[in-house]
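# Descriptive structure summary
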Amino acid sequence: MTTDNSLEKRRNKLTPEEKISWEENGYFVRHNVFTNEENDILSQVADDIAIGKLPFPDHRIFQNALVRDGKIEASGIHAMHSIHQMNLYSPEFLDRTRDPRLTEPIVDLLGPDILGLNSLYIWKPPKIGLGFPWHQDRWYTQPQFKTKTTVGTWTAIDAADKENGCLYVIPGSHKIGILEHIELEGSQQQEFRQAVGAKDEDGVAVELPPGSIIFFDNRILHKSTNNNSERFRRSNIAHYISAKAERIHHKNYMRPLMWVRGEIYPTLSEGVYREVLPFTESD
Ligand SMILES: O=C(O)CCC(=O)C(=O)O
């Protein structure tokens, strides 16, 4: 896998239109990047973890909240919500996180030295898959890393549309600062807090065919809706941070990082992994 940073060797660098959209809207979309066969490799790993065929640390695996709370019955992958930190334990997900089709455009956004933050896989099962409230991912990383922003990539495994709970973004909201986020009550995944003041009418649906990606500034307000369809709405999300960011020590949790490309610097060398971990290790 190449991580050559010289401009002429980066085939996937940002186009001028993408750069404008990034600056004005805080995101851009690329279509037909990964094939179904490539995505099937990830889905197989995730499904094998879900049914216990592949080992993975339990505390990173999340069931659908309705199943978890005993409100409905479902089993296997139909009972799943998400798995976090896939690239820490799965070579297939780590390869994807380092894939130049994801990382080369990010060189133009974060510079050549890049580390991977969280990477997650979401199932959003038919009829019961729950949406995510309006939030800014940067709200979560701000207390832990000093840096302007981080970058998220959201790859559709299945077609994502309004019926099965696609992503919504508020264009330009990366410029408004980080809003207060409050805890939600009721039957939510309780995975994300809700940003105070975000309005549904400002949201734009990001409907994507399988294999397409939205690259987004982690300060952008985004949400997704419930899956009201008979179809799954699966996605793979990988987040990136400049290796030149500074770690701020946080009282509870030191977010693990994965080397992706370029150099590692002393400001952010602690807790950086280069290879996948044995599954028994909990960080
Ligand atoms: O995939 C979704 O439905 C939402 C994911 C999301 O908001 C996130 O990972 O920050």
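Predicted model only: the values in this text are computed from it and were never measured.

Across its full length, the chain carries seven helices and 17 strands. Expected size for 283 residues packed as a compact globule is a radius of gyration near 19 Å; at 18 Å, the chain falls within 12% of this value. The principal-axis extents of the C-alpha atoms in the chain amount to approximately 50 × 45 × 40 Å. Counting all 283 residues of the chain, 43% fall into the buried class.

Read from one edge to the other, the open sheet built from four strands follows the order S5-S13-S8-S11, with strand pairing classed as antiparallel. Both edges of this open sheet fall to strand S5 (132-135) and strand S11 (204-206), since each of them pairs with a single strand only. Going across the sheet, the axis of each strand differs from the next one's by a mean of 25°, ignoring polarity.

Quick look at the site of the ligand now. Residues in close proximity to the ligand include Ile122, Phe132, Asp137, Gly165, Leu167, His222, Ser224, Ser235 and Ile237, which together make up its full environment. The set of elements that each furnish at least two residues to the shell around the ligand consists of strand S13 (222-224) and strand S14 (235-242). The residue makeup of the shell around the ligand, split by class, is four nonpolar, four polar and one charged.

Turning our eyes to something else, we now look at the environment of Val151. Position of Val151 among the secondary structure elements: in strand S7 (residues 151-156). When the C-alpha positions of Val151 and Ser119 are compared, they lie 12 Å apart, and in sequence the two are 32 residues distant. Every residue in contact with Val151, bar those within four places of it in the chain, is listed here: Ile106, Leu109, Leu110, Phe215, Asp217, Asn218, His239 and Tyr240.

It is worth spelling out helix H2 (residues 36-50) at this point. Here H2 contains 15 residues, and its C-alpha end-to-end distance of 20 Å stays within 8% of the 21 Å for a straight helix at 1.5 Å per residue. Of the surrounding secondary structure, the elements contacted by the buried residues of H2 are strand S2 (61-63), strand S3 (80-83), helix H5 (91-97), strand S4 (114-122) and S14. The positive-phi residue at the C-terminal boundary of H2 is Gly52, with phi of around 80°.

Membership of the largest hydrophobic core comes to 61 residues, with the highest contact counts inside it found for Tyr27, Leu115, Leu167, Val169, Ile214 and Tyr240. Among the elements that take part in this core, S4 stands out by supplying six residues, more than any other. In this structure Tyr240 touches Ile106, Leu110, Ile114, Gly116, Leu117, Thr150, Val151 and Val260, once residues within four positions along its chain are discounted.

Inspection of the secondary structure assignment puts Lys162 in the loop between S7 and strand S8 (167-169). Overall, the presence of 12 C-beta atoms within 10 Å leaves Lys162 in the exposed class. Sequence spacing of Lys162 and Leu221 is 59 residues, and the spatial spacing of their C-alpha atoms is 17 Å. Once residues within four sequence positions are removed from consideration, Lys162 is found in contact with Ala205 and Glu207.

What follows is about the environment of Val67. Position of Val67 among the secondary structure elements: in helix H3 (residues 65-68). When the C-alpha positions of Val67 and Ile128 are compared, they lie 8.9 Å apart, and in sequence the two are 61 residues distant. The contact partners of Val67, leaving out residues within four places of it in the chain, are Ile72, Ala74 and Ala79.

Here we come to helix H6 (residues 100-110). Restricting attention to buried positions, one finds in H6 the residues Leu102, Thr103, Glu104, Pro105, Ile106, Val107 and Leu110. On its buried side, H6 packs onto H5, S4, S7, strand S12 (213-217), S14 and strand S16 (257-261). Gly111 lies just past H6 and shows a positive phi near 95°.

Phi at Asn32 takes a positive value of approximately 50°, unusual for a residue other than glycine. Residue classification places Asn32 among the exposed residues on the basis of 10 C-beta atoms within 10 Å. The backbone of Gln85 sits at a positive phi, close to 60°, despite the residue not being glycine. Mapped onto the secondary structure, Gln85 falls in the loop between S3 and helix H4 (86-89). For Gln85, a count of 22 C-beta atoms within 10 Å corresponds to the buried category.

Each value, and the rule that gives it
Residues numbered from 1 in each chain as written. Predicted model: local features only at pLDDT ≥ 70, side-chain atom pairs only at ≥ 80, totals over all residues. Helix = DSSP H or I, 4+ residues; strand = E, 2+ residues; numbered from the N terminus. Rg over C-alpha atoms; globule rule 2.2 N^0.38 Å. Buried ≥ 20, exposed ≤ 12 C-beta atoms within 10 Å, placed from the backbone. Pairing = 2+ DSSP bridges. Axes fitted to C-alpha atoms, helices over the stretch in contact; angles between N-to-C directions. Near = placed C-beta within 6 Å. Nonpolar A, V, L, I, M, F, W, Y, C, P; charged D, E, K, R; others polar. Contact = placed C-beta atoms within 7 Å. Expected span 1.5 Å × (residues − 1). Core = buried A, V, L, I, M, F, W, Y, C linked by C-beta atoms within 7 Å.

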